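Spelled out, the chains give:
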Amino acid sequence: MNMYSGFGCDSSAVINILAYRNASQRPLLEKEYRTKYNEELNKRISSELSGNLKKAVLLWMPDPVRRDAIVLQEAFSTNIDLKAATEVLCSRTPSQLLHLKQVYLGLFGVYLEQDIQSQTSGDHEKLLLAYLSIPRSEFPEFDRTMAEHDAQALYKAGEKRWGTDESTFRSIFTQRSRAHLAGVTSAYKTMYGHSLTKAIKNETSGYFEQALLTIVRCAVNPGKYFAKVLRKAMHGLGTDDKTLIRVIVTRTEIDMQYIKAEYHKKYDRSLKDDVHSETSGNYRTFLLSLLGPD
């Protein structure tokens, strides 16, 4: 079927076909289109669609790891967006990051680490580079005593002293598994009466703070973390469409059901309803199609 035959383009047909094709079907569709019409599907999408709809559809087309690589490369080169880059790098699992590094090099001919070094600095840079290079366990088991020891080390490196020992935060946050960090969070609350995230907010700032918060929140509950990012993108004056597109498109094939459930639990409202009220037209239809039924 040619979605683009005749005058103009039937955007709703494009949405209906593409939004319901998964990561293994989309490349086949692109191949089929190339064979049949002797043209790249992405090129056609680019020329026929516009605005946020075009951005969302183009970001949807690649598979998840390739998509992450594209988001990062743009965040480090064309439109510098260290917030987006930090979110992507610090919310992915070690195996996703390993794959991402290979794909990034293959696509752009440059090491991801090089781009990080050229755009970031200080503790933020050191944290991202370590987080990218250190292999961490993805198993749910962890040592409770060691978690308590880490909680104590973080307290001593932060709230207990004058000034912050960032290197302790860096080494614990980049070397420990998600399960272990969730254990550290829980131990910290028990031992010191308030949350580790509150301590991070008090003791650090800027992109370094964002990186630490992303790592720890994704260790405890990634669905809740992304629900919070989406709420922030839609709440207040105007909508942050860039974040809305990035999060919905990149999480649809990973954990969107959890994100929707956490959103409802935390804000007592439906993510779909909020997206519906913040967007319009075919752009709205496309995002709602990705979100799927509640």
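So, here is what we can say about the structure in this document. Each chain has its residues counted from 1, running along the sequence as written. Thresholds applied to this predicted model are a pLDDT of at least 70 for local features of residues and 80 or more for the giving and counting of side-chain atom pairs; totals over whole chains, interfaces and linings are not thresholded and use all residues. Hydrogens are left out, water is left out, and the side-chain values use all remaining heavy atoms of the structure.

Remarks on the overall build of the protein chain
Each helix is a run of DSSP H or I of at least 4 residues and each strand a run of E of at least 2, with the numbering of both proceeding from the N terminus. The helix and strand inventory of the protein chain stands at 19 helices and 0 strands. For 294 residues, the compact-globule estimate of 2.2 N^0.38 gives 19 Å, and the protein chain sits close to it at 21 Å. Judged by the C-alpha coordinates and their principal axes, the protein chain covers about 70 × 45 × 35 Å. Within the protein chain, buried positions represent 49% of all 294 residues. Any two residues whose heavy atoms approach within 4.5 Å at even a single point are treated as in contact. Counting only contacts in the protein chain whose residues sit at least 6 apart along the sequence, the fraction spanning at least 24 positions is 67%. For the protein chain, the exposed area adds up to about 14500 Å²; of that, 50% sits on carbon and sulfur atoms. Residues counted as positive are Lys and Arg, residues counted as negative are Asp and Glu, and His and the chain ends are not counted. We put the charge of a Lys on NZ, of an Arg on CZ, of an Asp on CG and of a Glu on CD. A distance of 2 Å separates the average location of the 40 positive side-chain charges in the protein chain from that of its 35 negative side-chain charges. The globule rule is 2.2 Å times the number of residues to the power 0.38, and the radius of gyration it is compared with is taken over C-alpha atoms. Under the scheme applied here, a residue whose accessible area is under 20% of the maximum for its type counts as buried, over 50% as exposed, and between as partly exposed, the area being computed with a 1.4 Å probe on protein chains only. Residue burial considers only the protein chains on display, and all accessible areas are found by Shrake-Rupley using a 1.4 Å probe.

Description of the environment of Thr168
Within the element layout of this structure, Thr168 appears in helix α11 (residues 166–175). Linking Thr168 and Ala153, residues 15 residues apart in sequence, is a C-alpha distance of 7.4 Å. Not counting the four nearest positions on each side in its chain, Thr168 is found in contact with Ala153, Leu154 and Ala157.

Considerations on the packing of aromatic side chains
Ring pairs are drawn from Phe, Tyr and Trp, using the six-membered ring of Trp, whenever the two centres fall within 6.5 Å, and their geometry is named by plane angle: stacked under 30 degrees, edge-to-face over 60, tilted for the rest. Enumeration according to the criterion identifies 8 aromatic pairs in this entry. Within the aromatic cluster, the residues linked to one another by ring pairs are Tyr155, Tyr188 and Tyr192. Lysine NZ or arginine CZ positioned within 6 Å of the ring centre and within 35 degrees of the ring normal marks a charge as sitting over the ring. Looking at Arg231, its charged tip hangs above the ring of Tyr267, at a distance of 5.2 Å from the centre.

Concerning a positive patch on the surface
Within the patch definition used here, like charges are joined within 9 Å and nonpolar side chains (Val, Leu, Ile, Met, Phe, Trp, Tyr) within 5 Å, considering only residues with over 30% relative accessible area and no salt bridge. A carboxyl oxygen of Asp or Glu within 4 Å of a side-chain nitrogen of Lys or Arg is what we treat as a salt bridge. The grouping of Lys83, Lys201, Lys224, Lys228, Lys232, Lys265 and Lys266 at the surface amounts to a positive patch. Mapped by element, the contributors of at least two residues to the positive patch are α15 (222–234) and α17 (256–267). If you tally residues by element for the positive patch, the top one is α15, at 3 residues. With respect to the element layout, Lys265 can be found in helix α17.

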